[in-house]
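# Commentary on secondary and tertiary structure
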Amino acid sequence: MGKMSKKIIRQGDLGFHTGAMHDFYYRGKELYCEKVRVLDIVRKVGTPVYIYSHNTLIEHVEKLQKAFQSVQPLICYSVKANSNLAVLKSLIAKGTGLDIVSGGELYRAKQVGCDPRKIVYAGVGKTEPEIEEALRYGILLFNVESRPELELIHQVAQRLKKRANISLRINPGVDPRTHHHIATGKLESTFGIDLDTARQIFLKRFDYPSLNICGIHVHIGSQIVKGEPFVEAFRKIVGFIDSLEREGVRIETLNLGGGLGVIYNDEVPQTADQFAKNILSLFKGKKYRLILEPGRFIVANGGILVGRVLWVKQTKVKNFAVTDTGMGDLIRPSLYDAYHEVWPLVRKDHARKLTYDIVGPICESGDFLAKERHLAELESGDYLAFMTAGAYGFVMASNYNSRTRPAEVLVRADRFAVVRKREDFHSLVAGESVPAFVG
Ligand code: LLP
């Protein structure tokens, strides 16, 4: 366990500035979240369960607010990373807005009473009813990804006799150097509008009387640990805005997207302060308001997924720890080969160590959460925490194999609450029916 405790310290150290895991720590041999023993949660709520630390969420918002204090950006938390209502409410209470990508996320934003003037709406495939609802609610900005989308928003706004604020999402053609599934800034990706088309739209902005085309949006990818891709993209964008302004176009907002990387394993991502320092000089003297859309940075290290070892299966070549959680609950390892640390809820410091693949109960060989991990010998009934699972964890869970999705718990200091109850079989089939013409 020596190695593991070193790792905790290292994550905590770096994490003070970046994605911190320091609200999850061992007291003696037992894992805690803030002041609550994780075992107490698990005994009450069962497994699998996602557990979030309120303090971590808030601290991460504060880090960004502090780093960018001089420009007072609007921080719109990216709902897609973790959309639990309790998480959203915690963040908006701290002053954030929300970045949404669907009618469902808009519904969540309304449920928690988010100020519509702090909502930005992105996504390549918005439908007419979604656009209408967002217009009626009075959101701040639509981040528009294509010309047909622009036309549709214009028609809907005209019909409703409203004026929609529009930000064009620019694809700057920059390689964010991250996993290809989450790289969006290259020209061959689905996202954004190229500079030439964007320029034409800005120059023809008066053809759309029901639109106020006044903003630029750029998001080049996710889990970007280095500063350079951001600087490269933003420098291009600032040059573009300068050239637009020379042609008489006034830009009111520049949305820099999300994408800040966090520590899952041995990454050394830039801190919020470094990020701000790297980029703020680019915007010196500029009049437009900055918007940030962080998701992962705020919630990733604020959450864990806890599962229980059902048994250990030893084959001739491997040890498999089969758990009651897997790709249905946390798909990132299967989908992106993502690495999540595995911490036992109770450390067995003197046990011998073995190498395990930690797999789930789903009938697919792709169902694993961790591979080749060196852990103190596991046995049936042990609990394991999959760390840094607060972002893109529960939100990407599915009912595949007709498994119910996990419960979610939020911890604040010495209190905890179930913020989403475990699904049951009734909710699993709710909405399904068997018509008379079968059977
Ligand atoms: N803004 C836009 C337009 C986005 O597309 C995204 C994420 C964000 C903001 C927030 O990015 P973040 O700060 O979280 O990096 N499921 C993948 C990540 C997909 C990211 C999609 N877009 C994963 O598990 O790694």
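These figures come from a predicted structure and were not determined experimentally.

For the protein chain, the assigned domains are domain 1 (13-53 + 300-427) and domain 2 (55-299). One C-alpha centre belongs to domain 1, the other to domain 2, and the line joining them spans 31 Å. Listed per partner, the contact involves 32 residues of domain 1 and 33 residues of domain 2. Between domain 1 and domain 2, a total of about 2600 Å² is buried, with carbon and sulfur atoms accounting for 53% of that surface. Counting across the domain 1 and domain 2 interface gives zero salt bridges. Joining domain 1 to domain 2, the criterion identifies 16 residue pairs in polar contact (both at pLDDT 80 or more). Counting residues per element, the ones that place at least two in the side of domain 1 that touches domain 2 are helix 1 (2-15), strand 4 (49-53), helix 12 (332-336), strand 19 (407-412) and strand 20 (415-420). By residue number, the principal contributor to the side of domain 1 that touches domain 2 is helix 12, which donates three residues.

Turning to the site of the ligand, a few remarks are in order. The ligand sits among 19 residues. The nearest are Ser222, Glu293, Arg296, Arg332 and Tyr392. Take Gly295: an N or O atom from its main chain is 2.9 Å from an oxygen atom of the ligand. Side-chain polar atom of Tyr336 to a nitrogen atom of the ligand: 2.8 Å apart, as the coordinates give it. In the complex, the protein chains occlude 90% of the 590 Å² of accessible area that the ligand would expose alone. Class assignment for the residues of the shell around the ligand results in five nonpolar, eight polar and six charged. Formed jointly, the shell around the ligand draws a minimum of three residues from each of two domains, domain 1 (13-53 + 300-427) and domain 2 (55-299).

Rules and cut-offs
- Residues numbered from 1 in each chain as written.
- Predicted model: local features only at pLDDT ≥ 70, side-chain atom pairs only at ≥ 80, totals over all residues.
- Heavy atoms only, no water.
- Domains from an automatic or database assignment.
- Contact = heavy atoms within 4.5 Å.
- Buried area = accessible area lost by both parts, 1.4 Å probe.
- Salt bridge = Lys/Arg side-chain N within 4 Å of Asp/Glu carboxyl O.
- Polar contact = N/O pair within 3.5 Å; in protein donor to acceptor, adjacent residues only side chain to side chain.
- Helix = DSSP H or I, 4+ residues; strand = E, 2+ residues; numbered from the N terminus.
- Near = heavy atom within 4 Å.
- Areas by Shrake-Rupley, 256 points an atom, 1.4 Å probe, with all protein chains shown as cover.
- Nonpolar A, V, L, I, M, F, W, Y, C, P; charged D, E, K, R; others polar.

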